[in-house]
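Inside the fold
Here are the chains, one letter per residue:
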Amino acid sequence: YSKDKLISIKVDQIAYINTENSVTSIMCLDGNKYTNNSSLDDLYNRLDHSIFFRANRQYILSVKGIDEILRYGNNQLKIKTNPENNVIISKNKASEFKKWLNM
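Every chain is numbered on its own, with residues counted from 1 as its sequence reads. In view of the model being predicted, local features appear only for residues whose pLDDT reaches at least 70, and side-chain atom pairs are presented and counted only at 80 or more, with totals across whole chains, interfaces and linings using the full set of residues. Hydrogens and waters are ignored; side-chain quantities use all the structure's heavy atoms.

1. Describing the pairing of strand β2 (residues 23-28)
To be explicit about the condition: Accessibility here uses a 1.4 Å probe with only protein chains present; expressed as a share of the type maximum, an area under 20% marks a residue as buried, one over 50% as exposed, and anything in between as partly exposed. Per the convention used, a helix needs a DSSP run of H or I reaching at least four residues, while a strand needs a run of E reaching at least two, with both numbered from the N terminus. In short, DSSP must find at least two bridges between two strands for them to pair.
With five of six residues buried, β2 is to be regarded as a mostly interior element. As defined by bridge partners, strand β1 (residues 14-20) adjoins β2 across six bridges and the pair is classed as antiparallel. Bridging across to β2, Thr19 finds its partner in Thr24. As consecutive antiparallel partners, β1 and β2 are separated by two residues, and within that stretch Asn21 has a phi angle of approximately 55°, a positive value. Pairing geometry for β2 and strand β3 (residues 33-36), over four bridges, is antiparallel. Bridge pairing links Ser25 to Thr35 in β3. The loop that links β2 with its antiparallel partner β3 comprises four residues; one of these, Gly31, has a positive phi angle of about 95°.

2. Observations concerning the confidence of the model for the protein
Under the convention used in this document: Every residue is assigned a pLDDT by the predictor, reflecting its confidence on a scale from 0 to 100.
When pLDDT is averaged along the protein, the result is 93; 98% of the residues meet or exceed 70. Per-element mean pLDDT across the protein ranges from 91 in β3 up to 98 in strand β5 (residues 59-62).

3. Looking at the layout of surface pockets
Worth spelling out the cut-off: Using protein atoms alone on a 1 Å grid, points that fit a 1.4 Å probe yet trap it form a cavity, whereas open point sets bounded by protein on both sides within 12 Å along at least five of seven lines form a pocket; residues with an atom within 4 Å of a point count as lining. Grid points are joined across faces, edges and corners, and a volume is the space filled by probe spheres set on the points. Classes in brief: Ala, Val, Leu, Ile, Met, Phe, Trp, Tyr, Cys and Pro nonpolar; Asp, Glu, Lys and Arg charged; the others, Gly included, polar.
Within this model, the largest pocket holds a volume of roughly 300 Å³. As for the largest pocket, its lining consists of 15 residues, and the residues nearest its centre are Ile9, Ile14, Ile26, Asn36 and Leu43. Within the residue set of the lining of the largest pocket, elements represented by two or more residues are β1, β3 and α1 (40-46). Per-class residue counts for the lining of the largest pocket are eleven nonpolar, three polar and one charged.

4. Concerning the sheet that holds strand β8 (residues 85-89)
Selection rule: To get an axis, a line is fitted to the C-alpha atoms, and for a helix only the part in contact is used. The angle between two axes follows their N-to-C directions and goes from 0 to 180 degrees.
Ordered in space as β6-β7-β8, the three strands form an open sheet in which the pairing is antiparallel. Strand pairing shows two members of the sheet lacking a second neighbour, β6 (66-72) and β8, which therefore form its edges. Adjacent strand axes in the sheet meet at a mean angle of 25° when their direction is disregarded. Judged from the six bridges that link them, β6 and strand β7 (residues 76-81) form a sheet pairing that is antiparallel. The residue bridging Ile66 from the neighbouring strand is Thr81, located in β7.

5. Side note on the sheet that holds β5
Sheets are built from strands that pair by backbone hydrogen bonding, the pairs being arranged parallel or antiparallel. One open sheet holds the five strands; their spatial order is β3-β2-β1-β5-β4, and the pairing between them is antiparallel. In the strand order of this sheet, the two ends are held by β3 and β4 (52-54), each with one partner. On average, each strand axis in the sheet is inclined to that of its neighbour by 20°, with strand direction left out of account. Bridge analysis of β1 against β5 gives three bridges, and the strand direction is antiparallel. When the sheet's bridge partners are listed, Ile17 is paired in β5 with Ile60.

Here's what the structure looks like:
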């Protein structure tokens, strides 16, 4: 949704999807942000897992939205996205993330 309009978003335009305070938002590469009534689990199950990665309980990342990957803390990864945001990937998911990116 954007205000009171139902908007169709092309999957290749999604940078990341996040949830905060029970509100799910879709952030597009052009900086536009839209809300969605679905849970992250529901959305992730409908997305192509070769393009999207469930980073943690709050974020689903698109391969197109990743700007930088940095080492962070004790075997964790810090992902800088475009539009600008920081997403932490736990050490438990870091190896899965690297496999997803073929690193």
